Amino acid sequence: MSKLSGLDNRLKEARAAHGLTQADLARQVGVSRKTINTVENRIFVPSTILALRIAQALGTTVEDVFQLPPEAGGQV
Amino acid sequence: MNIVENAARWRRGALSLIVIGFIVWRLPDMTIFQRFVSLNEPVSTVIELVGAIIWIGALIALLLRTRADRRDMSKAEFSALEDERVQALNNGAFRVGFWVMLVAAALLSTAGAWDWKISHDAADIIFILGVAVTLLHFVMRDAADE
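Below or above, wherever it landed, is the structure these notes cover. Throughout, residues of each chain are indexed from 1 in the direction in which the sequence is written. Working convention: letters from A go to chains and numbers from 1 go to ligands, in the order in which they are written. Totals for whole chains, interfaces and linings use every residue, but because this is a predicted model, local features are given only for residues with pLDDT of at least 70 and side-chain atom pairs only at 80 or more, for both listing and counting. Excluding hydrogens and water, the side-chain figures rest on all heavy atoms present in the structure.

**Some words on the overall build of chain B**
Here a helix means four or more residues in a row that DSSP labels H or I, a strand means two or more in a row labelled E, and each is numbered from the N terminus. Helix and strand counts for chain B come out as six helices and zero strands. Across chain B, helices and strands are ordered from the amino to the carboxyl terminus as α-α-α-α-α-α. Residues counted as buried form 37% of the 146 residues belonging to chain B. In this analysis, two residues are considered to be in contact whenever any of their non-hydrogen atoms come within 4.5 Å of each other. Within chain B, contacts between residues at least 6 apart in sequence are counted, and of these 78% link residues at least 24 apart. Computed with the Shrake-Rupley method and a 1.4 Å probe, the accessible areas treat only the protein chains shown as cover for residues. With an accessible surface of roughly 8700 Å², chain B has 69% of that area assigned to carbon and sulfur atoms. Counting rule applied: Lys, Arg positive; Asp, Glu negative; His and chain ends not counted. One atom stands in for each charge, and that atom is NZ of Lys, CZ of Arg, CG of Asp or CD of Glu. With 14 positive and 16 negative side-chain charges, chain B shows a spacing of 3 Å between the two charge centroids. Exposure categories follow from relative accessible area, calculated using a 1.4 Å probe and restricted to protein chains: below 20% of the type maximum is buried, above 50% is exposed, and the middle band is partly exposed.

Right, dumping it as structure tokens:
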């Protein structure tokens, strides 16, 4: 999974704001640390369910964490 | 390294051994291989046997380890080992393996028109490529996701 996904995110910032490591967040949402890492680095696009779980674990909404890139019609 | 990553690394090692064992088991029996390397009968049989033992041993070890992980890990840890990224990697690996098999079948059936020995090995080559490419694709992608 080396190609960059078409989904921007602020996961790293949101996670850091909560003082969570990748492993902490991974444990909370039931995936591996690598999965969180690949989502953060735009390598892997999470499913809707995982995106909702991540947003829930960070106490925010999916739209706050994940955005479409501007070239795909997302807000700048 | 946490328990999930340790188990994932162990799984990659076992899958690599399965590929190596499978290739070592099947290769000496192929006509095209014997054209390049002349092995007498007992030697090639021993090599095939070693390959088969590695293949079966790694396969059984993988199954036993998976059962042990299911028993010893918490439910969350075990599901993290098979999370959606791993499932996506599995799907990608099967897709690549399928296309490699199709292309190999097309090329070998064409080449077989000129050389009957190639058609004699075609099934083995397609089978080996399908197994090896699928497993190695998964192993390399999983290892690269860091």
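**Quick word on the side chain of A:Ser32**
With respect to the element layout, A:Ser32 can be found in the loop between α2 (22–29) and α3 (33–40). Of the residues examined, A:Ser32 reaches a relative accessible area of 5% and is grouped as buried. Think of a polar contact as two N or O atoms within 3.5 Å of one another; within protein, one of them needs to be a possible hydrogen donor and the other a possible acceptor, and neighboring residues in sequence only count if both atoms come from side chains. At a separation of 3.0 Å, a polar atom in the side chain of A:Ser32 contacts the side chain of A:Thr35. Once you skip the residues sitting within four places of it in the chain, A:Ser32 turns out to touch A:Ala26, B:Val4, B:Ala80, B:Asp83 and B:Arg85.

**Digging into the packing of α2(A) against α3(A)**
Residue and element names in this part refer to chain A. To obtain an axis, a line is fitted to C-alpha atoms, over the contacting stretch when the element is a helix, and the angle between two such axes runs from 0 to 180 degrees between their N-to-C directions. At a minimum axis distance of 8 Å, the contact between α2 and α3 shows a crossing angle of 110 degrees. Taken together, the axes of α2 and α3 lie roughly perpendicular to each other. Residue-level inspection shows Gln22, Ala23, Leu25, Ala26 and Val29 of α2 in contact with α3, the latter providing Arg33, Ile36, Asn37 and Glu40. By the convention adopted, Pro, Cys, Tyr, Trp, Phe, Met, Ile, Leu, Val and Ala count as nonpolar, Lys, Arg, Asp and Glu as charged, and the other residues, Gly among them, as polar. By residue class, the composition of the contact of α2 with α3 is five nonpolar, two polar and two charged. In these notes the angle categories are as follows: under 35 degrees is roughly parallel, over 145 is roughly antiparallel, 65 to 115 is roughly perpendicular, and the rest is oblique.

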